[in-house]
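Listed below, chain by chain, are the residues.
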Amino acid sequence: MAGMPPLIDAHGLVKRLGGALVVNGVDLQCHAGQVLGLLGPNGAGKTTTLRMLYGFLTADAGVIRFEGSDVSRDMTRFKRQLGVCTQEDTFDGDFTVRENLTIAATYFRPRPTEVRRRVDELLERFALAPYAGIKPDALSGGFRRRLMIARALVHRPRLLFLDEPTTGLDPQARVSVWDLVNGLRAEGLGIVLTTHYMDEAERLSDALTVLARGKVVAQGTPKSVLGDMLGEHVVVMAAEPATAPAVAAWLRSRGSGDPLTVLDTWHLPLSGEQLADFARAFPALRYEVRPPNLDDLFLKLALPS
Amino acid sequence: MKLMTAAFEWQSRAVVGRHLRVYLKNWHTSFLPPVMEPITLLLAFGLGLGAYMSGGIEWNGRRLGYMDFVAPGMLAYATFITSILQSLFGAFVRMRYQRTWDGQLTTQIELRHVVWGEILWSAVLTTSYVVIVALVLSGCQVLGLIHLELARLPIAIPIVFVSACAFAALGLYFTAVSPTIDHINLPLFLVVLPMGFVSSTYFPLTHPVVATISTVNPLYHLAEGLRDLLLGPGPGAHLAGLAVLVTLMLGVLVPLDMRLLRKRVLGD
């Protein structure tokens, strides 16, 4: 990837919707053969950012480049390179599974070549061939998602947007979508993915861009994002009245802010040095230490700023 | 300008192509009712009501048989009601329930093409229905039931197409502002049906107030313009009036539809 411009490079994206500043200066990049995970709590601006990237919304400010060229100069040409799988199913209910793929191909110029062969190939690859002749409404949730992704690929795009592709799916269907995403990345497709599932983001993403309140709060590999945002360790302890006030006071004295609370346990992200200090400060306290994960990051981002 | 020239871009034709494919799949259910409706009306109004009007109707100082009067009116009414219902209910269902537009907008199709695709499809469908009504009327002429200038009938086709575009733009406006499909009843009963009645399609307008109101009704000018064409001296002032109203409707309503639908569909 060195020396090659990113497939997509967004800089300083700003968007107001209904008077509210939803996206406030977002920068992000995705290269060919890379999965970029776009993360953030509800209302962070993920979907709005994604919609600006695939041309559904026009940015109030900022620039989006595809392989170095400003896409606003020729949006139609840019959109020929994109595959978009939205959060909600938007099948054409008047057509069968096969016809949905065929009709989608008519919405692109230059026209996709050998459409029939491409549709057969996608039906096979996404295990949709047995359902080719039925209406999409009759498909299970997992197969509907497969059809949504297959439809986004019918014209052989180079950049794929997946907006929460596994929301609402059972674990088996989720794993099969992950396999498909992995395969597409291996073929050199750039993929921008939003998700609420932290395990999904960690497994699939080569790079993360974390949004909170419309701004980028962390960017990099999953490991580096967690390290930067949280530290190397997370102490998990019961929030009991006998010990909690002293721990809260210790955290405040070190400027660490409030602990992350899940039911009646506290999760305290700490660096190695902080963990050693914590152990010295509370020698009699019972607690566990585990590595941080993206759930901790979400909990941290959800805390009031 | 880009909003208006989008009518001629390939994406708008691709949207029309999609609607045409669906129509051809369901032709046996979607084709019959609009074809039977004008035939039934011709029989009911022409033969039924016309039987009580043996003295005929006074039109532009001429006495006409009621069937002759009503035949061009039927072409005009079919143009109006088919295009407006297609862009009201058909478009609303595609926008709100079938999410067809959302799917199209993830491709190279932009909202302006979706809007023009709906308008052009409405006009294509309407024109095809009107052609069928015209064939039925030609059959009536052969049977001696009506007496039109049949040689001028082909001139009516482009007039119908462009008028249908304007009526569809009006229908899409109501689609854009109706929160639910039930709310469509409001414009349907408060605007569309009154427009249909105050139009001289099925009976001449003699009341001075109604006649004054009708001068801003494009359907009135379409009905009278088609009468001038098919019964009278040929294209006249009504078709000129129609051209002005249709240009105004397209010039104002298409950009307005796009603005309203942009907010509604894209949230922008």
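Structural notes, computed from the coordinates.

Thresholds, definitions, all that
- Residues numbered from 1 in each chain as written.
- Chains lettered and ligands numbered in written order.
- Predicted model: local features only at pLDDT ≥ 70, side-chain atom pairs only at ≥ 80, totals over all residues.
- Helix = DSSP H or I, 4+ residues; strand = E, 2+ residues; numbered from the N terminus.
- Rg over C-alpha atoms; globule rule 2.2 N^0.38 Å.
- Buried ≥ 20, exposed ≤ 12 C-beta atoms within 10 Å, placed from the backbone.
- Contact = placed C-beta atoms within 7 Å.
- Nonpolar A, V, L, I, M, F, W, Y, C, P; charged D, E, K, R; others polar.
- Pairing = 2+ DSSP bridges.
- Axes fitted to C-alpha atoms, helices over the stretch in contact; angles between N-to-C directions.
- Parallel < 35°, antiparallel > 145°, perpendicular 65-115°, else oblique.
- Left-handed = near helix turned anticlockwise from the far one by under 90°.

1. Remarks on the overall build of chain B
Here comes step 1: Secondary structure assignment for chain B yields 12 helices and 2 strands.
Here comes step 2: Counting helices and strands in the order they occur from the N terminus, chain B gives α-α-α-α-β-β-α-α-α-α-α-α-α-α.
Here comes step 3: Here chain B has a C-alpha radius of gyration of 19 Å; the compact-globule value for 268 residues is 18 Å, and the two agree.
Here comes step 4: Dimensions of chain B, computed from the C-alpha atoms along their principal axes, are close to 60 × 40 × 35 Å.
Here comes step 5: Out of the 268 residues belonging to chain B, those deemed buried represent 47%.

2. What to know about the overall build of chain A
Here comes step 1: Helix and strand counts for chain A come out as 11 helices and 14 strands.
Here comes step 2: Here the C-alpha coordinates of chain A stretch approximately 70 × 40 × 40 Å along the principal axes.

3. Details of the environment of Leu219 of chain B
Here comes step 1: As for its placement among the helices and strands, Leu219 of chain B is situated in helix H11 (residues 218-230).
Here comes step 2: Among the residues examined, Leu219 of chain B registers 27 C-beta atoms within 10 Å and is labelled buried.

4. Structural notes on the interface of chain B and chain A
One widely used convention gives an interface's size as the accessible area the parts lose upon coming together.
Here comes step 1: Taken together, the contacts link 21 residues of chain B with 20 residues of chain A.
Here comes step 2: Listed by contribution, the elements that provide at least two residues to the side of chain B that touches chain A are helix H2 (10-25) and helix H6 (100-104) of chain B.
Here comes step 3: In terms of residue count, H2 of chain B provides more of the side of chain B that touches chain A than any other element does, 7 residues in total.
Here comes step 4: Classifying every residue of the side of chain B that touches chain A gives 6 nonpolar, 9 polar and 6 charged.

5. What about the pairing of strand S3 (residues 35-39) of chain A?
All names here are of chain A.
Here comes step 1: Across the 5 residues of S3, 5 count as buried, placing the element largely inside the fold.
Here comes step 2: Of the two faces of S3, the one holding Val35, Gly37 and Leu39 and the one holding Leu36 and Leu38 are both buried throughout.
Here comes step 3: Sheet topology places S3 next to strand S8 (residues 190-194); 4 bridges connect them, and they run parallel. Pairing of Val35 across the sheet is with Ile191, part of S8.
Here comes step 4: As judged from the 4 bridges shared by S3 and strand S9 (residues 207-212), these two strands associate in the parallel manner. Each bridged residue has a counterpart across the sheet, and for Leu39 the counterpart in S9 is Val210.

6. Some details on the sheet that holds strand S1 (residues 8-17) of chain A
All names here are of chain A.
Here comes step 1: Strand order in the open sheet formed by 4 strands is S2-S1-S4-S5, and the pairing between neighbours is antiparallel. The two strands at the open ends of the sheet, each matched to only one other strand, are strand S2 (20-30) and strand S5 (69-70).
Here comes step 2: Sheet analysis places S1 next to S2, joined by 8 bridges and oriented antiparallel. Following the sheet pairing, Val14 is matched in S2 by Asn24.
Here comes step 3: Against the sheet, helix H1 (residues 46-53) touches S1, S2 and strand S4 (61-66), its axis set at about 120° to S1.

7. Notes on the environment of Val71 of chain A
Residue and element names in this part refer to chain A.
Here comes step 1: Structurally, Val71 is set in the loop between S5 and helix H2 (75-79).
Here comes step 2: For the pair Val71 and Phe108, spaced 37 residues apart in the sequence, the C-alpha separation amounts to 17 Å.
Here comes step 3: Excluding anything up to four places from it in sequence, Val71 contacts Ile64, Arg65, Phe66 and Phe78.

8. Brief notes about the sheet that holds strand S10 (residues 215-220) of chain A
Residues and elements named next belong to chain A.
Here comes step 1: Taken in spatial order, the 6 strands make up an open sheet running S6-S7-S8-S3-S9-S10, and their pairing is mixed. Across the chains shown, the open sheet's two edge strands, defined by having one partner strand only, are strand S6 (82-85) and S10. Recorded for the sheet is a direction-independent mean angle of 15° between the axes of neighbouring strands.
Here comes step 2: Two elements, strand S7 (residues 159-163) and S8, share 5 bridges in a ladder whose sense is parallel. Within the sheet, the bridge partner assigned to Leu162 lies in S8 and is Leu193.
Here comes step 3: Relative to S8, helix H6 (residues 171-186) is tilted by about 150°, and along the sheet it contacts S3, S7 and S8.

9. Overview of the packing of helix H3 (residues 97-105) of chain A against helix H4 (residues 115-125) of chain A
All names here are of chain A.
Here comes step 1: Running from N to C, H3 and H4 point in directions that differ by 135°, and their axes come no closer than 10 Å. Overall, the two elements H3 and H4 adopt an arrangement that is oblique. The two elements H3 and H4 cross, and the hand of that crossing is right-handed. Taking contact as the criterion, the partners of Arg98, Leu101, Thr102 and Ala105 in H3 are, on H4, Val115, Val119, Leu122 and Leu123.

Everything listed here is a matter of coordinates, which is why it stays silent on function.
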